[in-house]
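# Commentary on secondary and tertiary structure
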Amino acid sequence: RPEHRRRRQCMHLVVSTSTTSLVARTLAAPLITMASKEFLTRTLAARGFLAWITQLLASCAWVASVFIYGGWELGDRLQLVAALSWTVSNAFAAPEAILPLLTAPEEQVAVEVRSVKSEA
């Protein structure tokens, strides 16, 4: 039954790579050219920025809606606290969202490779 054993190992490998991004990056690293690494790095940075900016816009809209609605009962004040907390959280996340867009892709790839090697 060596074929059955091989098939099970392959299935395990697929499950591991789909659930663990570190394993997936490590296995896929030799297959990705430098140009595609740069493109992927820029694309991920842009997606991260878009996710951050939309979260920030949503949290600010929530704050504004509390003031526009105008009710100041306990529930309204709790809604305001939640909206402000979300906005402040997004403000603290700004460097993580903006800096990848400002750094060169080569530097980002080098940092990623170093972090993978240090975790291994």
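Residues numbered from 1 in each chain as written. Predicted model: local features only at pLDDT ≥ 70, side-chain atom pairs only at ≥ 80, totals over all residues. Heavy atoms only, no water.

## Regarding the overall build of the protein chain
Scanning the protein chain from N- to C-terminus turns up six helices and zero strands. Listed by position from the N terminus, the elements making up the protein chain come as α-α-α-α-α-α. Taken over 120 residues, the protein chain has a buried fraction of 17%. Nonlocal contacts in the protein chain, meaning residues at least 24 apart in sequence, comprise 66% of its contacts between residues at least 6 apart. For the protein chain, the exposed surface amounts to about 9100 Å²; the carbon and sulfur share of it is 68%. (Helix = DSSP H or I, 4+ residues; strand = E, 2+ residues; numbered from the N terminus. Buried < 20%, exposed > 50% of the residue type's maximum accessible area, 1.4 Å probe, protein only. Contact = heavy atoms within 4.5 Å. Areas by Shrake-Rupley, 256 points an atom, 1.4 Å probe, with all protein chains shown as cover.)

## Regarding a nonpolar patch on the surface
Taken together, the side chains of Ile98, Leu99, Leu101 and Leu102 define a hydrophobic patch exposed on the protein surface, amounting to about 350 Å² of accessible area. As for its position among the elements, Leu99 is in helix H5 (residues 94-102). Taking relative accessible area as the criterion, Leu99 reaches 47% and is therefore assigned partly exposed. (Patch = residues over 30% accessible without salt bridge, like charges linked within 9 Å, V, L, I, M, F, W, Y side chains within 5 Å. Salt bridge = Lys/Arg side-chain N within 4 Å of Asp/Glu carboxyl O.)

## Structural notes on helix H4 (residues 74-92)
If you check H4, its first and last C-alpha atoms are 27 Å apart, about what 19 residues at 1.5 Å a residue would give, namely 27 Å. Within the span of H4, buried status applies to Asp76, Leu80, Ala83, Thr87 and Asn90. Within H4, the buried residues cover an arc of 90° as seen down the axis, which keeps them to one side. Residues of H4 that are exposed and point over 90 degrees away from its buried face: Leu74, Leu78, Val81 and Phe92. (Expected span 1.5 Å × (residues − 1). Arc of directions from axis to C-beta.)

## As for the confidence of the model for the protein chain
Averaged over all residues, the pLDDT of the protein chain is 75; the fraction at 70 or higher stands at 57%. Mean pLDDT values for the elements of the protein chain range from 44 in helix H1 (residues 2-19) up to 95 in H4. A low-confidence stretch, residues 1-20 (pLDDT under 50), is modelled with five contacts involving residues beyond four sequence positions or located in other chains. (pLDDT = per-residue confidence, 0-100.)

## A closer look at the side chain of Asp76
By secondary structure assignment, the location of Asp76 is in helix H4. Residues in contact with Asp76, not counting those within four places in the same chain, are Val66, Tyr69 and Gly71.

## Points about the packing of aromatic side chains
On inspection of all chains with the given rule, the structure shows three aromatic pairs. Seen in terms of ring centroids, Phe49 and Trp52 are 5.8 Å apart; in terms of plane orientation they differ by 40°. Their pairing is tilted. One end of the pair is Phe49 and the other is Trp52, both in helix H3 (residues 34-69) and three residues apart, which spans about a single turn. What makes Phe49 partly exposed here is its relative accessible area of 26%. Residue classification places Trp52 among the buried residues on the basis of a relative accessible area of 11%. (Phe/Tyr/Trp six-rings, centres within 6.5 Å; stacked < 30°, edge-to-face > 60°.)

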